[in-house]
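Observations on the three-dimensional arrangement
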Amino acid sequence: MDEKIELKLKDYLFNAGLLGFINILGKEAKNNGELEFDNKNRLIRFSPKVLENFEYKYFDFFIKRYGKTLTYGKILEFEKYIDEFEENGEKIKSINELKMINDKITFFKAKIKSESYKKAYDFIEKNGTNKILEMEKELKKIKEPKENVNEISNDDVKNNLKIMKEIISFFKKKITDNEGNVKNYLAAKNIAYVIINNAWSSVSFLNRANAAKDIYEEYKSYFVEPALEYINADKSKFKYKCTISNMPMKDYKNTLGFLNDTGFDVNRKPSHVWNFVNDIAVTPLAILIYSCVPAGFVYGASKGMFVNANHSIEQLESINNGMASEIYNENFNEKNISLYKNLLREMQKRTNESKYELSDIQVVKYENETYRFTLLSKNILQLLNKNKLRLDRLLDKWYILDRRYFYLYDVTISELLNNENLFSLINKLCHYKISKVKGNYNLRNLEDLLLVNLEYIRRLKEMEKAEKEVKNKKVSQELEEKDVYSIRRDGIEFRKAYLGKSGNDKKLGSLLYRLQNSLRIKDVNMFMDTLISGHSYAGRNVHYLFGKIFTDDENFQTLGHAFLIGLLGEDKFEKSDEEKNMTKGDE
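Here is a short report on the structure shown in this document. (Residues numbered from 1 in each chain as written. Predicted model: local features only at pLDDT ≥ 70, side-chain atom pairs only at ≥ 80, totals over all residues. Heavy atoms only, no water.)

1. Here we look at the overall build of the protein
- Along the protein, the regular secondary structure elements total 24 helices and 14 strands.
- In the protein, which comprises 587 residues, the proportion classed as buried is 50%.
- Sequence separation of 24 or more characterises 73% of the internal contacts of the protein that already satisfy a separation of 6 or more.
- When the accessible area of the protein is evaluated, it comes to approximately 29,900 Å², of which 46% is carbon and sulfur surface. (Helix = DSSP H or I, 4+ residues; strand = E, 2+ residues; numbered from the N terminus. Buried < 20%, exposed > 50% of the residue type's maximum accessible area, 1.4 Å probe, protein only. Contact = heavy atoms within 4.5 Å. Areas by Shrake-Rupley, 256 points an atom, 1.4 Å probe, with all protein chains shown as cover.)

Spelled out as structure tokens, the structure:
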């Protein structure tokens, strides 16, 4: 069958699969005319020929995109150090260098014994499993002297590095068939359990019963061959329609039960459907497309993201793949991955191109084995772009809650995308500062959050006014950035006066807790009582701007937290030219 097949954009998961299918086929299929985009009708057309050797293309795509992030890639990259060590005279220069080698030995010993790898060794070489496990036993940590580098056993170092190089050489082996198709078993196994199983599981090579089988052949037999059979079949007698593509369907055999957090096993859980009769089924071709979902998502730092920009195929591809290319470039650093940062950078590029008219776009995030949905609106994107400097200062800043690390940049963007203000986050971070809880952020970061939030509230009020056409609030009651700076400085000066009077940090700590708690429970009277009492004790006048806290809750929270941040202390920093221009006239 040479007639091209059409598949149209649908819901987010099918769209992710369709993008993944496009990514796996690569530019070659588009250049030779086997794959076409119809942006006007939001669909793709492709020749059945693209499914030839599709199982090789499938794993090759993942290895190319994620190779550096895998255990497999981290094992291979150590070869560079070994080569340099041999070229530079095979001599350890410091105790720290030896510690690094010992860390790698520990890493090698732990990873090469993993069950997923052990299932693949014999596909690469006869008795490959025994060979690798024997080398693992020979790897032994090198004794570390306390100070003297000359006490290091150079023979032990060279012997261990030699074994590790042999392991690397084994890992680099690939199997090539008569047609020139290459199977990279170890990388494919790594991909299966780190990337692919984020989207689907329990079938094909992710079925435990198939763990020891050829991963390429399992994918081909479960996904590719049924899709080809369906394409070539006479569909004139098919009575049913595919739930997703509306294409003719023979029976209700193919369900979405293999998709994580989406489908279910209709045989084991018939009560999930009306009258115990399943009416949700898809064609084998749709099943193949759904198997490509992990190639449509961008994964990093144990999370995944997909931008469902379904205005056109081109927009879907350019935004998501642009985001991926920003992350997985030559200067890739796994520790610095921020999906949100790269999403915003890519969206900014699109809005600068006149052919893109930005409308609300669905952003799908995969985290903790669950899909979460938000809308990226034009208003929020403008807010984030305007505050780019402040948001960028939040990168690599974190706090700990329940032994989990939370990164301020991602938490902030997530809350804004969910149309939530940042008062709760700011209050929590102030509480951690007062309590001296471990965290990597400073008072300027808190001020940045407060100013971003001020802009968010201003935009929200403007939208409400536009909708309700209510303009009864005086402009003079609206807070400006200079008010936040002014109140924070007042808090800093008050701190100096209060400590000068009491000479007691504990007394100041008690005041901080009372103010923070009154902001947390949104009790303006408690806050003002505490504020007036503290000023009376320190012999200072209450700042005139506090008269605005009775206007609305947002003013109370903004001014209250600005004062609290000032009361926490003072960070020494230089303002950028942009910020100096913003606050000009408030000196």
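There is more to say after this.
2. Section: the packing of aromatic side chains
- Using the criterion set out here, one finds 49 aromatic pairs in the structure.
- With a centroid separation of 6.4 Å and 40° between ring planes, the pair formed by F205 and Y219 is classed as tilted. Of this pair, F205 sits in the loop between α9 (185–194) and α10 (215–232) while Y219 is found in helix α10, placing the two residues 14 residues apart along the sequence. This pair shows no difference in class: F205 is buried, exactly as Y219 is.
- Seen from the ring of Y441, K433 lies directly overhead, with NZ or CZ sitting 4.9 Å from the centre.
- Just above the ring of Y537 sits the side chain of K507; from NZ or CZ to the centre is 5.0 Å. (Phe/Tyr/Trp six-rings, centres within 6.5 Å; stacked < 30°, edge-to-face > 60°. Lys NZ or Arg CZ within 6 Å of the ring centre and 35° of its normal.)

3. Observations concerning the pattern of salt bridges
- The tally for this structure, following the rule as stated, stands at 28 salt bridges.
- The closest approach of N and O atoms between E481 and R390, which form a salt bridge, is 3.0 Å. Note that E481 is positioned in helix α20 (residues 481–502) and R390 in helix α16 (residues 388–392), a separation of 91 residues in sequence.
- With a relative accessible area of 16%, E481 lands in the buried category. (Salt bridge = Lys/Arg side-chain N within 4 Å of Asp/Glu carboxyl O.)

4. Re the sheet that holds strand β10 (residues 361–367)
- Here we have 4 strands laid out as an open sheet, ordered β8-β9-β10-β11, and antiparallel in their pairing. Of all strands in the sheet, those with a lone pairing partner are β8 (298–300) and β11 (370–376), marking the two edges. Ignoring which end each strand starts from, the neighbouring axes of this sheet average 25° apart.
- Taken strand by strand, helix α13 (residues 313–327) contacts β8 and β9 (303–308), and its axis lies near 150° from that of β9. (Pairing = 2+ DSSP bridges. Axes fitted to C-alpha atoms, helices over the stretch in contact; angles between N-to-C directions.)

5. Focus: the packing of helix α3 (residues 71–87) against helix α8 (residues 154–171)
- Taken N-terminus to C-terminus, the directions of α3 and α8 make an angle of 135°; their axes are 9 Å apart at the nearest point. The angle between α3 and α8 places the two elements in the oblique class. The way α3 lies across α8 gives a crossing that is left-handed. Across from Y72, I75, L76, F78, E79, Y81, I82, D83, F85 and E86 in α3, the residues of α8 making contact are V157, K158, L161, M164, K165, I168 and F171. (Parallel < 35°, antiparallel > 145°, perpendicular 65-115°, else oblique. Left-handed = near helix turned anticlockwise from the far one by under 90°.)

6. Quick look at the nonpolar core
- Counting 182 residues, the largest nonpolar core has F21, F54 and W200 as its most contacted members.
- Among the elements that take part in this core, helix α1 (residues 12–31) stands out by supplying 11 residues, more than any other.
- Beyond its immediate stretch of four places on either side in the chain, W200 contacts Y58, F205, L206, F223, F258, L259, N260, Y290, S291 and P294. (Core = buried A, V, L, I, M, F, W, Y, C linked by side-chain atoms within 4.5 Å.)

7. As for helix α21 (residues 505–520)
- The terminal C-alpha atoms of α21 lie 22 Å apart, and with 16 residues this matches the ideal 22 Å at 1.5 Å per residue to within 8%.
- Residues L508, G509, L511, L512, L515, Q516, S518 and L519 constitute the buried set of α21.
- Buried residues in α21 make contact with α18 (423–435), α20, α22 (524–538) and α23 (553–568).
- Positive backbone phi, approximately 60°, marks K522, located one or two places after α21. (Expected span 1.5 Å × (residues − 1).)

8. A closer look at the packing of α18 against α23
- Between α18 and α23, the shortest axis-to-axis distance is 11 Å and the interhelical angle comes to 25°. The orientation of α18 relative to α23 falls into the category roughly parallel. Crossing geometry of α18 relative to α23 is assigned as left-handed. Here α18 contributes F423, I426, N427, C430, K433 and I434 to the contact with α23, which in turn contributes E554, Q557, T558, H561, L564, I565 and L568.
- Here the residues of the contact of α18 with α23 sort into 7 nonpolar, 4 polar and 2 charged. (Nonpolar A, V, L, I, M, F, W, Y, C, P; charged D, E, K, R; others polar.)

9. Points about the environment of S204
- The topology assignment puts S204 in the loop between α9 and α10.
- Judged by its relative accessible area of 2%, S204 falls in the buried class.
- The spacing of S204 and F223 is 19 residues in sequence and 8.1 Å in space, taken between C-alpha atoms.
- Setting aside residues no more than four positions away along its own chain, S204 makes contact with N210, E218, Y219, Y222 and F223.
- At 3.1 Å, the side chain of S204 forms a polar contact with the backbone oxygen of E218. (Polar contact = N/O pair within 3.5 Å; in protein donor to acceptor, adjacent residues only side chain to side chain.)

10. Looking at unusual backbone geometry
- The residue N53 is not glycine, and still its phi comes out positive at about 60°.
- As for its position among the elements, N53 is in the loop between β3 (43–46) and α2 (54–66).

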